[in-house]
Amino acid sequence: MQETRDNPDAVADHGVEEVAAHCAKFIDGLDSPPILIGHSSAACSSRSCWARATARPGSPSTPLRSRACCRFPLSALYATLPVFKNPANRHRAVSLTADQFAYGFGNALSRKESDRL
């Protein structure tokens, strides 16, 4: 994780297909295909790997909403504000603080576990 924080450009501007291609390359090196389960953006990558037949589908996952759908809870907007409030962040990787991560992603975990992740 520190390596990514030190060099965020290494992970910037990668879309679902690039992530899925990276995962598929890793999966191809395994002895047997894993079961992939994803949520949100990871669900999109998981489904792409399923379509490539590199992994077996897991339980149903919740993909990102389409761009045509603009209704989300205010909490989702607040959680993404650190990234989207600055237009210069487009095509960049932006790290969240521990508090921002806990609010947006680690809210079902203990704070200790959220901080570890």
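Described in the following lines is the structure provided in the data block. (Residues numbered from 1 in each chain as written. Predicted model: local features only at pLDDT ≥ 70, side-chain atom pairs only at ≥ 80, totals over all residues. Heavy atoms only, no water.)

1. Notes on the overall build of the protein chain
And step 1. Helix and strand content of the protein chain: 6 helices and 2 strands.
And step 2. Secondary structure elements of the protein chain occur, N-terminal to C-terminal, as α-α-β-α-β-α-α-α.
And step 3. For the protein chain, the proportion of its 117 residues judged to be buried stands at 19%.
And step 4. Counting contacts in the protein chain only where the partners sit at least 6 residues apart, residues at least 24 apart contribute 35% of the total.
And step 5. When the accessible surface of the protein chain is summed, it comes to about 9000 Å², and 58% of that surface belongs to carbon and sulfur atoms. (Helix = DSSP H or I, 4+ residues; strand = E, 2+ residues; numbered from the N terminus. Buried < 20%, exposed > 50% of the residue type's maximum accessible area, 1.4 Å probe, protein only. Contact = heavy atoms within 4.5 Å. Areas by Shrake-Rupley, 256 points an atom, 1.4 Å probe, with all protein chains shown as cover.)

2. As for a nonpolar patch on the surface
And step 1. Taken together, the side chains of Tyr-78, Leu-81 and Tyr-103 present a nonpolar region at the surface, about 320 Å² in accessible area.
And step 2. By the secondary structure assignment, Tyr-78 is in helix H4 (residues 74-84).
And step 3. The class of Tyr-78 is exposed, set by a relative accessible area of 53%. (Patch = residues over 30% accessible without salt bridge, like charges linked within 9 Å, V, L, I, M, F, W, Y side chains within 5 Å. Salt bridge = Lys/Arg side-chain N within 4 Å of Asp/Glu carboxyl O.)

3. Quick word on the pattern of salt bridges
And step 1. Scanning the model with the defined rule gives 3 salt bridges in all.
And step 2. The salt bridge involving Asp-115 is made with Arg-111; its shortest N-O contact spans 2.7 Å. Separated by 4 residues within a single helix, Asp-115 and Arg-111 lie in helix H6 (residues 111-116), roughly one turn from each other.
And step 3. Owing to a relative accessible area of 41%, Asp-115 belongs among the partly exposed residues under this scheme.

4. Notes on the packing of aromatic side chains
And step 1. Taken as a whole and judged by the stated rule, the model has 2 aromatic pairs.
And step 2. A centroid spacing of 4.9 Å and a plane angle of 80 degrees characterise the contact between Tyr-78 and Tyr-103, whose relative ring orientation is edge-to-face. With Tyr-78 in helix H4 and Tyr-103 in helix H5 (residues 98-104), this pair connects stretches of sequence that are 25 residues apart.
And step 3. Look at Tyr-103 and you get partly exposed, because its relative accessible area is 38%. (Phe/Tyr/Trp six-rings, centres within 6.5 Å; stacked < 30°, edge-to-face > 60°.)

The analysis is restricted to geometry; functional conclusions fall outside its scope.
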